[in-house]
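Analysis of the macromolecular model
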Amino acid sequence: MGPIITGFLIGLNLDRKKALKFSIIDSIIGSLVTTSIYYLLKEFGVISNLFLVAVIIFNVLGSILCISVSLFISRNMTRTIVTNNRLEADFYVKSLDEIEEKLKNYLDPAQCTPPKYGLSENKIEIMRKCGNMSLNYEVTEDSPNLYKVHLVIST
(Lines give C-alpha, C1' and ligand atoms only; values in the text may rest on other atoms or scores of the structure.)
Protein backbone atom coordinates (compact mmCIF):
# COMPACT_ATOMS: atom_id res chain seq x y z
CA MET A 1 0.00 0.00 0.00
CA GLY A 2 2.91 2.36 0.65
CA PRO A 3 3.94 2.80 -2.98
CA ILE A 4 0.33 3.34 -4.04
CA ILE A 5 -0.19 6.04 -1.41
CA THR A 6 3.14 7.66 -2.25
CA GLY A 7 2.39 7.61 -5.97
CA PHE A 8 -1.05 9.10 -5.30
CA LEU A 9 0.38 11.94 -3.22
CA ILE A 10 3.13 12.66 -5.75
CA GLY A 11 0.58 12.69 -8.60
CA LEU A 12 -1.73 15.06 -6.72
CA ASN A 13 0.91 17.70 -6.20
CA LEU A 14 3.04 17.69 -9.33
CA ASP A 15 2.70 17.80 -13.10
CA ARG A 16 3.52 14.69 -15.14
CA LYS A 17 7.24 15.30 -15.68
CA LYS A 18 7.94 16.17 -12.05
CA ALA A 19 5.72 13.31 -10.88
CA LEU A 20 7.74 10.85 -12.96
CA LYS A 21 11.03 12.22 -11.61
CA PHE A 22 9.96 12.21 -7.96
CA SER A 23 8.28 8.79 -8.12
CA ILE A 24 11.48 7.28 -9.54
CA ILE A 25 13.54 8.95 -6.80
CA ASP A 26 11.09 7.73 -4.16
CA SER A 27 11.24 4.20 -5.57
CA ILE A 28 15.04 4.18 -5.50
CA ILE A 29 15.13 5.43 -1.91
CA GLY A 30 12.50 2.89 -0.84
CA SER A 31 14.41 0.06 -2.50
CA LEU A 32 17.68 1.11 -0.86
CA VAL A 33 16.05 1.28 2.58
CA THR A 34 14.39 -2.15 2.32
CA THR A 35 17.56 -3.73 0.94
CA SER A 36 19.59 -2.19 3.79
CA ILE A 37 17.12 -3.56 6.33
CA TYR A 38 17.41 -6.99 4.71
CA TYR A 39 21.22 -7.01 5.01
CA LEU A 40 21.02 -5.75 8.59
CA LEU A 41 18.63 -8.56 9.55
CA LYS A 42 20.75 -11.10 7.68
CA GLU A 43 23.79 -10.11 9.78
CA PHE A 44 21.88 -11.13 12.89
CA GLY A 45 20.83 -14.43 11.27
CA VAL A 46 17.15 -13.63 11.52
CA ILE A 47 16.28 -14.30 7.86
CA SER A 48 17.39 -16.51 5.00
CA ASN A 49 18.35 -15.91 1.36
CA LEU A 50 14.81 -16.76 0.26
CA PHE A 51 13.73 -13.53 1.89
CA LEU A 52 16.06 -11.63 -0.50
CA VAL A 53 13.97 -12.86 -3.44
CA ALA A 54 10.83 -11.53 -1.76
CA VAL A 55 12.53 -8.17 -1.06
CA ILE A 56 13.57 -7.83 -4.71
CA ILE A 57 10.12 -8.77 -6.02
CA PHE A 58 8.35 -6.36 -3.67
CA ASN A 59 10.82 -3.55 -4.50
CA VAL A 60 10.16 -3.99 -8.22
CA LEU A 61 6.38 -4.18 -7.75
CA GLY A 62 6.42 -1.17 -5.41
CA SER A 63 8.43 0.89 -7.87
CA ILE A 64 6.12 0.01 -10.76
CA LEU A 65 3.03 0.83 -8.66
CA CYS A 66 4.42 4.14 -7.40
CA ILE A 67 5.41 5.36 -10.87
CA SER A 68 2.20 4.14 -12.53
CA VAL A 69 -0.12 5.65 -9.93
CA SER A 70 1.69 9.01 -9.89
CA LEU A 71 1.55 9.27 -13.70
CA PHE A 72 -2.11 8.20 -13.82
CA ILE A 73 -3.18 10.69 -11.14
CA SER A 74 -1.19 13.60 -12.57
CA ARG A 75 -2.54 12.86 -16.08
CA ASN A 76 -6.23 12.57 -15.14
CA MET A 77 -6.55 15.25 -12.48
CA THR A 78 -7.49 18.90 -12.95
CA ARG A 79 -5.76 21.38 -10.65
CA THR A 80 -7.88 24.46 -10.09
CA ILE A 81 -7.15 27.71 -8.23
CA VAL A 82 -10.03 30.13 -7.64
CA THR A 83 -9.62 33.73 -6.46
CA ASN A 84 -12.06 36.66 -6.33
CA ASN A 85 -12.18 37.37 -10.06
CA ARG A 86 -10.01 34.66 -11.57
CA LEU A 87 -9.96 30.92 -12.09
CA GLU A 88 -6.85 29.00 -13.17
CA ALA A 89 -6.90 25.33 -14.11
CA ASP A 90 -4.27 22.92 -15.41
CA PHE A 91 -5.24 19.65 -17.08
CA TYR A 92 -4.15 17.22 -19.79
CA VAL A 93 -6.02 16.28 -22.95
CA LYS A 94 -5.39 13.79 -25.76
CA SER A 95 -6.70 16.04 -28.52
CA LEU A 96 -7.53 19.68 -29.01
CA ASP A 97 -11.23 18.78 -29.39
CA GLU A 98 -11.19 17.44 -25.84
CA ILE A 99 -10.47 20.96 -24.57
CA GLU A 100 -14.00 22.05 -25.54
CA GLU A 101 -15.41 19.19 -23.46
CA LYS A 102 -13.35 20.24 -20.44
CA LEU A 103 -14.43 23.88 -20.88
CA LYS A 104 -18.05 22.82 -20.40
CA ASN A 105 -17.18 22.21 -16.73
CA TYR A 106 -16.55 25.94 -16.32
CA LEU A 107 -18.81 27.72 -18.84
CA ASP A 108 -20.81 27.27 -22.04
CA PRO A 109 -18.33 27.45 -24.96
CA ALA A 110 -21.21 28.02 -27.40
CA GLN A 111 -21.71 31.50 -25.91
CA CYS A 112 -18.07 32.48 -26.51
CA THR A 113 -16.61 34.41 -29.41
CA PRO A 114 -14.57 32.52 -31.99
CA PRO A 115 -11.05 31.83 -30.75
CA LYS A 116 -8.10 34.07 -31.55
CA TYR A 117 -4.86 32.15 -31.79
CA GLY A 118 -1.34 33.15 -30.86
CA LEU A 119 1.47 30.81 -31.84
CA SER A 120 4.93 30.54 -30.38
CA GLU A 121 7.69 27.99 -30.68
CA ASN A 122 6.28 25.37 -28.37
CA LYS A 123 2.74 26.46 -27.44
CA ILE A 124 -0.56 27.73 -28.78
CA GLU A 125 -2.32 30.57 -26.96
CA ILE A 126 -6.08 30.80 -27.43
CA MET A 127 -8.12 33.85 -26.39
CA ARG A 128 -11.91 34.12 -26.28
CA LYS A 129 -14.56 36.37 -24.78
CA CYS A 130 -17.53 34.78 -23.07
CA GLY A 131 -19.97 37.49 -22.04
CA ASN A 132 -18.16 39.59 -19.46
CA MET A 133 -15.44 36.98 -18.95
CA SER A 134 -12.11 36.61 -20.66
CA LEU A 135 -11.01 33.07 -21.44
CA ASN A 136 -7.32 32.41 -22.18
CA TYR A 137 -5.60 29.09 -22.40
CA GLU A 138 -2.18 27.87 -23.39
CA VAL A 139 -1.71 24.46 -24.98
CA THR A 140 1.71 22.81 -24.94
CA GLU A 141 2.63 19.36 -26.16
CA ASP A 142 3.69 17.24 -23.20
CA SER A 143 4.31 14.03 -25.11
CA PRO A 144 3.03 12.52 -28.36
CA ASN A 145 -0.78 12.68 -28.33
CA LEU A 146 -0.87 14.40 -24.91
CA TYR A 147 -1.27 18.13 -24.39
CA LYS A 148 -1.06 20.19 -21.22
CA VAL A 149 -3.60 23.02 -20.97
CA HIS A 150 -3.29 26.05 -18.66
CA LEU A 151 -6.69 27.74 -18.53
CA VAL A 152 -7.35 31.22 -17.12
CA ILE A 153 -10.87 32.61 -16.80
CA SER A 154 -11.09 36.18 -15.50
CA THR A 155 -13.70 38.92 -15.30
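Let me begin by describing the structure that accompanies this report. (Residues numbered from 1 in each chain as written. Predicted model: local features only at pLDDT ≥ 70, side-chain atom pairs only at ≥ 80, totals over all residues. Heavy atoms only, no water.)

With four bridges connecting them, strand S3 (residues 116–119) and strand S4 (residues 123–130) associate as antiparallel partners. Within the sheet, the bridge partner assigned to Lys116 lies in S4 and is Met127. Counting the residues between successive antiparallel strands, the hairpin from S3 to S4 contains three residues. (Pairing = 2+ DSSP bridges. Helix = DSSP H or I, 4+ residues; strand = E, 2+ residues; numbered from the N terminus.)

Turning our attention to the environment of Gly62. Checked against the element boundaries, Gly62 lands in helix H3 (residues 50–76). Linking Gly62 and Gly7, residues 55 residues apart in sequence, is a C-alpha distance of 9.7 Å.

Moving on, we come to the nonpolar core. Among the nonpolar cores identified, the biggest contains 16 residues, and Ile99, Leu135, Tyr137, Val149 and Leu151 are the most heavily contacted of them. Within the residue set of this core, elements represented by two or more residues are strand S2 (86–93), helix H4 (97–103), S4, strand S5 (133–143) and strand S6 (146–154). With four residues, the top contributor of residues to this core is S2. If we skip the residues at most four places from it in the chain, Ile99 touches Val93, Tyr137, Val139 and Val149. (Core = buried A, V, L, I, M, F, W, Y, C linked by side-chain atoms within 4.5 Å. Buried < 20%, exposed > 50% of the residue type's maximum accessible area, 1.4 Å probe, protein only. Contact = heavy atoms within 4.5 Å.)

Spanning twelve residues, helix H1 (residues 2–13) covers 17 Å between terminal C-alpha atoms, matching the ideal 16 Å at 1.5 Å per step. Buried residues of H1: Gly7, Ile10 and Gly11, and no others. Seen end-on, H1 carries its buried residues on one side only, within an arc spanning 95°. Against the buried residues of H1 lie helix H2 (16–43), H3 and strand S1 (79–82). (Expected span 1.5 Å × (residues − 1). Arc of directions from axis to C-beta.)

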